[in-house]
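Observations on chain architecture
Residues per chain are reported as follows:
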Number of protein chains: 4
Amino acid sequence: MSSQFGTALKIQIFGQSHAPAIGVSIDGFPVGFTPDMDALKTFLARRAPGQGAYATARKEPDKPEFLSGLVEGHTCGAPLTAIIRNTDTRAKDYGNIAEMPRPSHADYPAWVKYGNQADYRGGGHFSGRLTAPLCIAGGLCLQYLAQKGIHIGAHILSIGAVHDTAFDPVSPALPVGALTLDPAAWEKMQEEIAAAKAEMDSVGGVIECAVTGVQAGYGEPMFGGMENRLAQILFGIPAVKGVEFGAGFGCTELRGSQNNDPYYYDENGFVRTRTNHAGGIAGGISTGMPIVFRAAFKPTPSIARPQETIRFNGTTAPAVLEIKGRHDPCIVPRAVPVVEAAAAIAILDAILEGNQWS
Amino acid sequence: MSSQFGTALKIQIFGQSHAPAIGVSIDGFPVGFTPDMDALKTFLARRAPGQGAYATARKEPDKPEFLSGLVEGHTCGAPLTAIIRNTDTRAKDYGNIAEMPRPSHADYPAWVKYGNQADYRGGGHFSGRLTAPLCIAGGLCLQYLAQKGIHIGAHILSIGAVHDTAFDPVSPALPVGALTLDPAAWEKMQEEIAAAKAEMDSVGGVIECAVTGVQAGYGEPMFGGMENRLAQILFGIPAVKGVEFGAGFGCTELRGSQNNDPYYYDENGFVRTRTNHAGGIAGGISTGMPIVFRAAFKPTPSIARPQETIRFNGTTAPAVLEIKGRHDPCIVPRAVPVVEAAAAIAILDAILEGNQWS
Amino acid sequence: MSSQFGTALKIQIFGQSHAPAIGVSIDGFPVGFTPDMDALKTFLARRAPGQGAYATARKEPDKPEFLSGLVEGHTCGAPLTAIIRNTDTRAKDYGNIAEMPRPSHADYPAWVKYGNQADYRGGGHFSGRLTAPLCIAGGLCLQYLAQKGIHIGAHILSIGAVHDTAFDPVSPALPVGALTLDPAAWEKMQEEIAAAKAEMDSVGGVIECAVTGVQAGYGEPMFGGMENRLAQILFGIPAVKGVEFGAGFGCTELRGSQNNDPYYYDENGFVRTRTNHAGGIAGGISTGMPIVFRAAFKPTPSIARPQETIRFNGTTAPAVLEIKGRHDPCIVPRAVPVVEAAAAIAILDAILEGNQWS
Amino acid sequence: MSSQFGTALKIQIFGQSHAPAIGVSIDGFPVGFTPDMDALKTFLARRAPGQGAYATARKEPDKPEFLSGLVEGHTCGAPLTAIIRNTDTRAKDYGNIAEMPRPSHADYPAWVKYGNQADYRGGGHFSGRLTAPLCIAGGLCLQYLAQKGIHIGAHILSIGAVHDTAFDPVSPALPVGALTLDPAAWEKMQEEIAAAKAEMDSVGGVIECAVTGVQAGYGEPMFGGMENRLAQILFGIPAVKGVEFGAGFGCTELRGSQNNDPYYYDENGFVRTRTNHAGGIAGGISTGMPIVFRAAFKPTPSIARPQETIRFNGTTAPAVLEIKGRHDPCIVPRAVPVVEAAAAIAILDAILEGNQWS
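Calculation rules
- Residues numbered from 1 in each chain as written.
- Chains lettered and ligands numbered in written order.
- Predicted model: local features only at pLDDT ≥ 70, side-chain atom pairs only at ≥ 80, totals over all residues.
- Heavy atoms only, no water.
- Pairing = 2+ DSSP bridges.
- Helix = DSSP H or I, 4+ residues; strand = E, 2+ residues; numbered from the N terminus.
- Contact = heavy atoms within 4.5 Å.
- Axes fitted to C-alpha atoms, helices over the stretch in contact; angles between N-to-C directions.
- Least-squares fit on C-alpha atoms with pLDDT ≥ 70 in both.
- Buried area = accessible area lost by both parts, 1.4 Å probe.
- Salt bridge = Lys/Arg side-chain N within 4 Å of Asp/Glu carboxyl O.
- Polar contact = N/O pair within 3.5 Å; in protein donor to acceptor, adjacent residues only side chain to side chain.
- Nonpolar A, V, L, I, M, F, W, Y, C, P; charged D, E, K, R; others polar.
- Buried < 20%, exposed > 50% of the residue type's maximum accessible area, 1.4 Å probe, protein only.
- Phe/Tyr/Trp six-rings, centres within 6.5 Å; stacked < 30°, edge-to-face > 60°.
- Parallel < 35°, antiparallel > 145°, perpendicular 65-115°, else oblique.
- Left-handed = near helix turned anticlockwise from the far one by under 90°.

Attention now goes to the sheet that holds strand β7 (residues 80-85) of chain A. All names here are of chain A. With antiparallel pairing, five strands are arranged side by side in an open sheet as β1-β2-β3-β7-β4. The open sheet is flanked by β1 (4-5) and β4 (65-68), the only strands paired with a single partner. The sheet contact formed by β1 and strand β2 (residues 10-15) spans two bridges and is antiparallel. The partner of Phe 5 across the bridge, within β2, is Ile 11. Its contacts with the sheet place helix α3 (residues 131-147) against β2, β3 (21-27), β4 and β7, and it is angled at close to 35 degrees to β3.

See below:
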């Protein structure tokens, strides 16, 4: 395992926050597909920083440049590679980190793993910036899946203690152009984020995602199931500390008679379940009901408050770190499209591996 | 992905509940290691059915037979393969399932995936029985890791609404010979299970696991991190519907200043963190602090109560299924060693991939 | 890489010459296929020792025992595992090898790789015996491919300097029940083998294999092509030291105008080439013409003559090794079905990866 | 399998002949290594077209641009990605190929595999141009291996019927700055190439490669051996139709007593073999003797002479194709560094997988 994901659809993500570029190479994407580049840019913009007062002030125009894999605008079977140039980096913001690891970031374990050879600028290869190429790959997968009748939509289920309504797992209404299902929840969430920012602090949240139009039978047994695949890619998004499917941890307080999802034939003769505590997956295989899952995002570790840490220079006395620069008090709103992108990649990979389509 | 897991340490699990045997083949296990076969049998016994009144009455003596990979009792570099013969199957208990899928089991999606060719007896390859070979592989990994100073221990954090105390994530006391940290909790849990059984129902729970002695630097970036690897293998255990690390979903209600883990040098000059909300993993890489995670197990789907389902015979009228046979009202106690085994495999694989040991 | 091969059809081979058993586990074999077990045994018998005066006297009845993956005689989607018990080992024949590596065997490099922990009895995991489970897996693939109209046949092209006629690459006539296309060649070859045996020596040869019924379009670009896949599996057969496709090394003495294969439509409207120097593969992708390749087998290293070697006991003085036991003066006749089996596995894997069939 | 190669050192090559760029992304390259960029450019220049009268007139300045993986000039543990912009393409040279497949090129099988969606310009992803990024990756591996005392050198063993002297497999003298070991051979080879060009034809050849400084013990059993790995990557070089190791196909005419390589201790106490028919590999594992292998390159399929072919437009009448544009009458001289690059990648991957170095 590594910076590569997938079996039939293989993606390799490369780049560091302050490298010349970040990007992704995709091997196995279906042939003859014409990406809608405008829609892709719109999708990437949902992730980009510099939107509104609650996000970071760093403005990176995410314009993907396709280096290979397309001919006359359509995929041709050769690996598809796209990059985004890093242009606005302000490296000097990160000066003191090379000596003092930031708490709850990858700095210290990366230093142990790579010695002082690792790229620490902006978090290097561990930076949240690497979700941009993940979104390019996922954005293409989302478009392809949509043409096949599979739709993916996520919303912010909670930020701190502020909650949105949850999806109806039997028939989720995917959000369009909104971060929450209930607009009032988003208002309160923004207040929560502003409060954290005012305190030089940060806050986390939970993103809930649903996938509709999925037929039964996707996924491979044991370690290749839909949960295994989705979890493996979701934990690749920085800040994710938990993933649950269907009723998730909540189902542990239900009886089997409550948690089981009985089968029936609907009026069109399709097999459905009355409830969907399974989140659309049983035995790792899709059941045909919507796939529903949640990912927990920890509060952003980069806060402006002084923090206790150590130094890499041989001394053992405590040090105090004050992180300068521009940081999100909450990355959850920006992570919503990232979760959709990750889900799309994992689902398309499972479908292609299962030979559902050519 | 499939019934194979691992990069440096590759395991392939085979078998169905009612096949002649179930087993595992391991490629890449370190050379020159002498397994303690008695300890392995004791470990497997923790998982076996037929223990006490609350578990299933099916008695499978889990005696692993090693077919390859050992010479004079030690590993020799060739793939290590072990099987367990299935002897007590009572296939007739499963007669009516071939026509009526059991709610929340893999029967229906497997039927879509494999047609009526799949092995439905006892759940086939999706059966919980396949956790036995997982425990053989994991049992060997646990022994090897222990020799290297890495110890793994799990306990039942909750069954239904009954809770045990949680691990101290900074310094977890791994349980020895007990399923909970607080004996009183286990008493109440057994009552909960008995209550469910009396109602012809089932109950789920959460297992918490800790790993001590882990050095910093294990795991690979992005999709090869410790969380990705552990999640991928844990979701391969039947009934797991959620996995979280450290403070998990709970951290989403904390501020960054609360959730961050400050670094300091302890009295021996080792780098530690004051708290461990990260559960020992940051940026996917181990930090040197104990790895702590939780897995949510749904209530056992096989309950004796009548359930609504469909028939595979072309009719669309509702059907009623009554599952006969012997089924656990709660598989969580038996899953505790399975979680330890899964963790051991994922951790040893990450260490070997990172070239920490030969 | 390791003792595993394949992308869509994954095989893991396990066992050592003197382990309790040798075997193979296959993940991804198509569902709903009923192997002809009698035909499989007949196929394995082509490989088995103890046939005729020119082969080794060791008699291992190769009766595969299927442990998993079948239900009511057909494949069910779960991993397919089969073993062969080792019963006739005469371990004492190998006594002095643990101290003195046999020239041109794996003993010495294995000793460096695994220390004195490796299993040296009979060559351990490097033994030619491991071609038996390869033949089980390949035998099943051969049967499945045959049902799809794809046939594979190999013959001995040469033993020492004695040659058979070669396949007509445009329209090869696959041999049935014979090791050569020209019976007279086989007579001369047996004389060559007998001569070598009489001299306490051994002789090698070349096996040529053809695959008919292959449609165009199989294989993946660059490193996943048909040649890459076939070569990777063929070099896993002990004693193979060269692999070539189509005109192979011979094409290097042709001009492009001679070596190119012009396209045309035959009387049925199918695309064919006038010649087939490409051996059915261009750019790594199958062209629809028969796939033709050759594998070179070195002369068996185990000869009865005294040989110079070293000792592992710290002394540097030359040592003399006399190999006792029963050894083939020529393994080429027994390797013919092994080459067919290997080809079948690689080809079915490529077809499944390319999503040609479900 | 696909356009990715490797287990511990994973490379993904992307690009088509006429895409905006071609490139490679490498995951797993050792950390803390400072590439010599000037040496890399010099190495790439050995491969570039436009050198001398015998090669193609297309001039592509191969200047690799590193997008990621370096910080302050050294590798940092994150994936290493480099691209080369395609600038001189003259697409109009390839106009008639979209309708008429060139004999012995990938055009036809690619059309079957990808439909008319594939990129046919210049051979698309199957173009020999993709050996440039292979050389970037391999060039870095060559530098790294050299620092560890492992050196790789190749020469043209033959072009057509003109032969160079072969390497002494026991102690090969790696060529420096020359394409052959005997300068007179190179003179004759150039005459051979010129003769082919004058006839509007092409000629092939054999490249021999040796690797010195290799310790014993590299490679994994069965399908992960040094021969399997080298063959898998070498057949990824366009035009390769055969690969052999050590005495290769020639050993099939030797007796075992002639082909075996006896062991002895040299004056420094190192284990060596008197001869090296094994080419440095036994049982797939390196023996410590030089690794020696040969790759056969077919004559360039693109010749100016008229050739019979078909049309993709529904008609079945024969068509005549005359390939315009600039084509090498012999790509063997340019392929010499490509073979070295491929060997370096495979060998470094095997060493890293075997945990020889961090």
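Let us now look at the relation of the copies chain D and chain C. Superposing the two chain copies requires a rotation about an axis and a translation along that axis. Of the transformation superimposing chain D on chain C, the axial component is 0.0 Å and the angular component is 180 degrees, with the fit at an RMSD of 0.0 Å. Both copies of the chain, as the preceding transformation shows, are related through a two-fold rotation axis. When the interface residues of chain D are mapped onto chain C, 100% of them again fall at the interface, so both copies present the same face.

Once that is clear, we can look at the interface of chain D and chain C. Residue-level contacts link 101 residues of chain D with 101 residues of chain C. The contact between chain D and chain C buries some 8200 Å² in all, and 60% of this surface belongs to carbon and sulfur atoms. At the junction of chain D and chain C, the tally comes to ten salt bridges.

A separate point is the interface of chain D and chain A. Taken together, the contacts link 40 residues of chain D with 40 residues of chain A. Carbon and sulfur atoms make up 55% of the surface buried where chain D meets chain A, a total of about 2900 Å² over both sides. Linking chain D to chain A there are two salt bridges. Note that Arg 85 of chain D and Glu 65 of chain A form a salt bridge whose closest N and O atoms lie 2.8 Å from each other. For the interface between chain D and chain A, the tally reads 14 residue pairs in polar contact (both at pLDDT 80 or more). Where the side of chain D that touches chain A is concerned, the elements lending two or more residues are β2 (10-15), β3 (21-27), β4 (65-68), β5 (70-71), β6 (74-75) and β7 (80-85) of chain D. The element that contributes the greatest number of residues to the side of chain D that touches chain A is β2 of chain D, accounting for five residues. Grouping the constituent residues of the side of chain D that touches chain A by class yields 18 nonpolar, 16 polar and six charged.

Inspection of the secondary structure puts Thr 309 of chain A in strand β17 (residues 307-309). On the accessibility criterion, Thr 309 of chain A (0% relative accessible area) is buried. Separated by twelve residues in the primary sequence, Thr 309 of chain A and Leu 321 of chain A have C-alpha atoms spaced 6.6 Å apart. Not counting residues within four places of it along the chain, the set of residues in contact with Thr 309 of chain A comprises Met 100, Pro 101, Pro 318, Ala 319 and Leu 321 of chain A together with Tyr 263 of chain B. Of note is the side chain of Thr 309 of chain A, whose polar atom sits 2.7 Å from the backbone oxygen of Pro 101 of chain A.

Residue and element names in this part refer to chain D. Its location among the elements puts Cys 330 in the loop between β18 (319-321) and α7 (332-353). Judged by its relative accessible area of 1%, Cys 330 falls in the buried class. Residues Cys 330 and Gly 124, spaced 206 residues apart in sequence, show a C-alpha to C-alpha distance of 20 Å. If we skip the residues at most four places from it in the chain, Cys 330 touches Ile 159, Ile 193, Val 203 and Thr 300.

With that settled, the discussion passes to the side chain of Ser 3 of chain C. In this structure, Ser 3 of chain C sits in the segment before β1 (4-5). A relative accessible area of 0% means that Ser 3 of chain C is categorised as buried. Non-local contacts of Ser 3 of chain C, meaning those with residues more than four positions away in its chain, are made with Asp 27 and Pro 79 of chain B, Ile 11, Gln 12, Ile 13 and His 125 of chain C together with Pro 221, Met 222 and Phe 223 of chain D.

The phi torsion at Met 200 of chain B lies on the positive side, around 55 degrees, for a residue other than glycine. Considering the arrangement of structural elements, one finds Met 200 of chain B in the loop between α4 (183-198) and β10 (205-212). Here the phi dihedral of Glu 72 of chain C falls at roughly 55 degrees; this positive angle occurs in a residue that is not glycine. As for its placement among the helices and strands, Glu 72 of chain C is situated in the loop between β5 (70-71) and β6 (74-75).

Moving on, we get to the packing of aromatic side chains. Residues and elements named next belong to chain A. Counted by the stated rule, this structure contains 34 aromatic pairs over all chains. Ring plane angle 45 degrees and centroid distance 5.9 Å describe the contact between Phe 245 and Phe 293, whose orientation is recorded as tilted. Here Phe 245, found in strand β11 (residues 240-245), pairs with Phe 293, found in strand β16 (residues 291-297); they are 48 residues apart in sequence, far enough to count as distant. Taken as a pair, Phe 245 and Phe 293 share a single burial class, namely buried. Site record: aromatic cluster; members linked through ring pairs are Phe 29, Phe 33 and Tyr 144.

Buried within helix α2 (residues 107-114) of chain C we find Asp 107, Tyr 108, Pro 109, Ala 110 and Tyr 114 of chain C. Looking at the buried residues of α2 of chain C, the elements they touch are β12 (263-265), β13 (271-273), β14 (281-282) and β15 (285-286) of chain D. Positioned one or two residues after α2 of chain C, Gly 115 of chain C has a phi angle of 70 degrees, which is positive.

A separate point is the packing of helix α3 (residues 131-147) of chain C against helix α7 (residues 332-353) of chain C. Residue and element names in this part refer to chain C. One way to put it is that α3 packs onto α7 with a least axis distance of 7 Å and a crossing angle of 55 degrees. As the angle between them shows, α3 and α7 are arranged oblique. Viewed along their axes, α3 and α7 form a crossing whose handedness is left-handed. The residues of α7 that touch α3, namely those facing Thr 131, Leu 134, Cys 135, Ala 137, Gly 138, Gly 139, Cys 141, Leu 142, Tyr 144 and Leu 145, are Pro 337, Val 338, Glu 340, Ala 341, Ala 342, Ala 344, Ile 345, Ile 347, Leu 348 and Ile 351. The residue inventory of the contact of α3 with α7, partitioned by class, reads 16 nonpolar, three polar and one charged.

With that out of the way, let us pick up the relation of the copies chain D and chain A. Superposition of chain D onto chain A requires a rotation of 180 degrees combined with a translation of 0.0 Å along the rotation axis, giving an RMSD of 0.0 Å. An overlap of 100% is found between the interface residues of chain D and their copies at the interface of chain A, pointing to a shared contact surface.

Here the focus is the pattern of salt bridges. What the rule picks out here adds up to 64 salt bridges over all chains. A salt bridge links Lys 241 of chain D to Glu 227 of chain C, with the nearest nitrogen and oxygen atoms 2.7 Å apart. Here the residue Lys 241 of chain D occupies a position in strand β11 (residues 240-245), and Glu 227 of chain C occupies one in helix α5 (residues 226-234), the pair thus bridging two chains. There is no split in this pair, since Lys 241 of chain D and Glu 227 of chain C are both buried. Within the structure, one salt-bridge network assembled from shared partners comprises Glu 192 and Glu 199 of chain A together with Arg 255 of chain B.

What follows concerns the sheet that holds β3 of chain D. Strand-to-strand pairing in sheets goes through backbone hydrogen bonds, with the strands running parallel or antiparallel. Residues and elements named next belong to chain D. The sheet built from five strands is open, its strands ordered β1-β2-β3-β7-β4 with antiparallel pairing. On the outer flanks of this sheet lie β1 (4-5) and β4, each paired with one strand and no other. Judged from the six bridges that link them, β3 and β7 form a sheet pairing that is antiparallel. Looking across to β7, one finds that Ser 25 is bridged to Thr 81.

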